[in-house]
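# Observations on chain architecture
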Amino acid sequence: MRDATIDFCLKEIWIPYFKQYRPKKIICVGKDPAEAILKVLPKTMIKKSVETGWGNVACKYAYHYGFDNGAMMVRVPHLSRFGILTARQCESHLDKIFEPLLKSS
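Residues numbered from 1 in each chain as written. Predicted model: local features only at pLDDT ≥ 70, side-chain atom pairs only at ≥ 80, totals over all residues. Heavy atoms only, no water.

### Points about the pattern of salt bridges
When their charged atoms lie close together, side chains carrying opposite charge are able to pair. All told, the structure shown has two salt bridges when counted by the stated rule. Put simply, lysine 31 and glutamate 35 hold a salt bridge, and the shortest N to O gap is 3.8 Å. Of this pair, lysine 31 and glutamate 35 are both found in helix α2 (residues 31-40), four residues apart, which corresponds to roughly one turn of the helix. For glutamate 99, the salt bridge goes to lysine 96, with nearest N and O atoms at 3.8 Å. A relative accessible area of 44% places lysine 96 in the partly exposed class. (Salt bridge = Lys/Arg side-chain N within 4 Å of Asp/Glu carboxyl O. Helix = DSSP H or I, 4+ residues; strand = E, 2+ residues; numbered from the N terminus. Buried < 20%, exposed > 50% of the residue type's maximum accessible area, 1.4 Å probe, protein only.)

Printed below as a string of structure tokens:
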């Protein structure tokens, strides 16, 4: 069922949105939505991993992606379970995690 939901969202929401608005800065929460977006949008670089400061292996890294239109996407682990944005041990990593979005215009 989850694949059908992601497919629906891509077809009916995200692909039309990206085509019309062409966002330059994207924050994606979770692996599944990011992988679905990466399947349909042409990317210019392989993912780069950045440590989050969180000790758990499942959310140890955030990832940066670049797209052909100059857009950047940061994928962070699902935040409803892992509080990377508010956890004290992650504070010193936030600038590095979101660096591509801070630099791009």
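### A short note on the packing of aromatic side chains
If you walk through the whole model with that rule in mind, you get five aromatic pairs. Considering the side-chain rings of tryptophan 14 and tyrosine 17, the 6.0 Å spacing of their centres and the 85 degrees angle between planes classify their relative orientation as edge-to-face. Of this pair, tryptophan 14 and tyrosine 17 both sit in helix α1 (residues 2-21), separated by three residues, roughly a single helical turn. Relative accessible area serves as the criterion here: at 39%, tryptophan 14 is assigned to the partly exposed category. Connected via pairs of aromatic rings, a cluster forms that spans Trp14, Tyr17, Phe18 and Tyr21. (Phe/Tyr/Trp six-rings, centres within 6.5 Å; stacked < 30°, edge-to-face > 60°.)

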